[in-house]
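Architecture at a glance
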Amino acid sequence: MQSYKLVVAYDGTDYCGWQWQPTKRSIARVMRETFLFIFHQDSVLLVGASRTDAGVHAQGQVVRVRTGLAL
């Protein structure tokens, strides 16, 4: 698997927070769906160095993305 480090910032106004939830729109869910599309993979592992609550913004949050496909 290939591993990537991202440093991200986002406006969390319309999200339920960082953590993936099956019925709600979360930052992790949207990022995962985006990476699945970009890397054309069945699975992508996303790990955030921290998490946010609903409606909270982030600046400089570190995220690790692991996928089988290298850029």
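Before reading further, recall that the structure is shown in the block above.
Now for a quick tour of the structure.

On to the pairing of strand β3 (residues 58–67). Along any regular strand, the residues point their side chains to alternate faces of the sheet. With nine bridges joining them, strand β1 (residues 2–10) and β3 adopt antiparallel strand pairing. Each residue of the ladder has a partner; that of Tyr 10, found in β3, is Ala 58. In the sheet, strand β2 (residues 45–48) pairs with β3 via four bridges, with the strands oriented antiparallel. Within the sheet, the bridge partner assigned to Leu 46 lies in β3 and is Val 65.

So, about the sheet that holds β3. Sheet architecture is open: three strands sit in the order β1-β3-β2, paired in antiparallel fashion. Only two strands of the sheet have a single partner each, and these edge strands are β1 and β2. In this sheet, adjacent strand axes meet at a mean angle of 25° when their direction is disregarded. Along the sheet, helix α1 (residues 27–39) contacts β1, β2 and β3; its crossing angle with β1, the most-contacted strand, is approximately 135°.

A word on the packing of aromatic side chains. Taken as a whole and assessed by the stated rule, the structure comprises two aromatic pairs. A ring pair is formed by Tyr 4 and Phe 39, whose centres lie 5.7 Å apart and whose planes are at 25°; its orientation type is stacked. Of the two residues, Tyr 4 is situated in strand β1 and Phe 39 in helix α1; the sequence distance between them amounts to 35 residues. Neither residue differs from the other here; Tyr 4 and Phe 39 are each classed as buried. When the ring of Phe 35 is compared with that of Phe 39, the centres are 5.6 Å apart and the planes differ by 15°; the resulting orientation is stacked. On the criterion of helical spacing, the pair formed by Phe 35 and Phe 39 is a turn pair, its members being four residues apart in helix α1. Here Phe 35 and Phe 39 have matching classes, each one buried.

Before going further, it helps to examine the side chain of Ser 26. Tracing the backbone shows Ser 26 in the loop between β1 and α1. Setting aside chain neighbours within four positions, we find Ser 26 in contact with Tyr 15, Cys 16, Gly 17, Trp 18, Gln 19, Trp 20 and Gln 21.

Here we come to the environment of Val 56. With respect to the element layout, Val 56 can be found in the loop between β2 and β3. Look at Val 56 and you get partly exposed, because its relative accessible area is 35%. Along the chain, Val 56 and Arg 25 lie 31 residues apart, while their C-alpha atoms are 13 Å from each other. Sequence-distant contacts of Val 56, that is, excluding residues within four places in its chain, are made with Tyr 10 and Gly 12.

Conventions and cut-offs
- Residues numbered from 1 in each chain as written.
- Predicted model: local features only at pLDDT ≥ 70, side-chain atom pairs only at ≥ 80, totals over all residues.
- Heavy atoms only, no water.
- Pairing = 2+ DSSP bridges.
- Helix = DSSP H or I, 4+ residues; strand = E, 2+ residues; numbered from the N terminus.
- Axes fitted to C-alpha atoms, helices over the stretch in contact; angles between N-to-C directions.
- Contact = heavy atoms within 4.5 Å.
- Phe/Tyr/Trp six-rings, centres within 6.5 Å; stacked < 30°, edge-to-face > 60°.
- Buried < 20%, exposed > 50% of the residue type's maximum accessible area, 1.4 Å probe, protein only.

Any functional reading would require information that these geometric values do not contain.
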